[in-house]
Amino acid sequence: MPHAEGTTMKIGIIGAGNIGGNLTRRLTALGHEVSVANSRGPHTLTALAEETGATPVPVTEAARGAEVVIVTVPLKAVPDLPAGLFDGAAEGFAVLDTGNYYPRERDGRIAAIEDEGLTESRWTERQLGHPVIKAFNGTYAQDILDRPLPAGDPERIALPVAGDDEVAKKTVRALIDELGFDTVDAGGIDDSWRQQPDTPVYGLRAGVDAVRQALADASPERPAAFRG
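Nothing here was measured: the structure is a model prediction, and the numbers come from that model.

Colleague: Looking at this model, I keep getting lost on the packing of helix 1 (residues 18-29) against helix 7 (residues 166-179). Mind explaining?
Modeller: Helix-helix packing is characterised by the crossing angle of the two axes and by the distance between the axes. The contact between helix 1 and helix 7 brings their axes to 10 Å, and the two run at 80°. Here helix 1 lies roughly perpendicular to helix 7, going by the angle between them. Residues L23, R26 and L27 of helix 1 lie in contact with helix 7, whose contacting residues are L175, E178 and L179. Within the contact of helix 1 with helix 7, the residues separate by chemical class into 4 nonpolar, no polar and 2 charged.

Colleague: Help me out: how do you make sense of the sheet that holds strand 6 (residues 133-134) in this one?
Modeller: Sheet strands pair via backbone hydrogen bonds, and the direction of the pair is either parallel or antiparallel. The mixed open sheet is built from 8 strands, whose spatial order is 3-2-1-4-5-6-7-8. Among the strands making up the open sheet, the edge pair consists of strand 3 (55-56) and strand 8 (182-185). Each of strand 1 (10-14), strand 2 (33-37) and strand 4 (68-71) touches helix 1; the most contacted strand, strand 1, lies at about 165° to it. Of the strands in this sheet, strand 7 (158-163) and strand 8 are in contact with helix 8 (residues 208-216), which crosses strand 8 at around 30°.

Colleague: Honestly, empty space enclosed by the protein in this entry has me stumped. Any pointers?
Modeller: It is the rolling of a water-molecule-sized probe over the atoms that shows where space remains empty. Within the structure shown, the criterion is met by 3 cavities of 30 Å³ or more. Computed from the structure, the largest cavity encloses a volume of approximately 120 Å³. If you go around the largest cavity, you meet 16 residues; those closest to its centre are G138, T139, L159, P160 and L204. Considering every element that reaches the lining of the largest cavity, the biggest residue donor is strand 7, with 3 residues. Split by residue class, the lining of the largest cavity holds 9 nonpolar, 5 polar and 2 charged. A volume near 40 Å³ is recorded for the second largest cavity.

What counts and what doesn't
- Residues numbered from 1 in each chain as written.
- Predicted model: local features only at pLDDT ≥ 70, side-chain atom pairs only at ≥ 80, totals over all residues.
- Heavy atoms only, no water.
- Axes fitted to C-alpha atoms, helices over the stretch in contact; angles between N-to-C directions.
- Helix = DSSP H or I, 4+ residues; strand = E, 2+ residues; numbered from the N terminus.
- Parallel < 35°, antiparallel > 145°, perpendicular 65-115°, else oblique.
- Contact = heavy atoms within 4.5 Å.
- Nonpolar A, V, L, I, M, F, W, Y, C, P; charged D, E, K, R; others polar.
- Pairing = 2+ DSSP bridges.
- 1 Å grid on protein atoms, 1.4 Å probe; cavity = no way out; pocket = protein on both sides within 12 Å on 5 of 7 lines; lining within 4 Å.
- Points joined across faces, edges and corners; volume = space filled by probe spheres on them.

The structure is reproduced here in structure tokens:
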């Protein structure tokens, strides 16, 4: 069930890089119960835990009891996540995928994305074995801390949110609203190419109307700079 505004949720965050770290900071500040994990182990998250009050856990425990699980690891690391990653998650939990495919800088070539034409999040979903909601993939990490604004503020930034599970999408959109950003429904995961790297909406700091237009203006052709 989508949570009521202002109620505490149990949230698991897998990945403590720039996006994962700043989501940990903001979600704990909003009063949510956050468990955070990374590939190097809980002992490397002591400073973040002390700063935020989040609980550092092994990756295998990040989803335990969680209503929302945020997967924010490099794309190439997704297949290495442990089996049973979501064992013990709350019933009806949502998985939020913040990932991007950077074949040249980081991830290497992934044939299913480039040859079969899978969207990046559809590929991630297949690795995880659970539907995902795609959001925050084109957001500057610092904006998560610096640019939240109350609903109705004309300067409020809107984020595209794609996914096939309407209930999970509603949960994620409510959470993003609570974080201080508007959202635009960007369609299903097969439509999520519209927000992949180098599209008009990627990195766009703008409101709902401009985000809608940018999604509409996207081309399905993968840019040369983002091919392996």
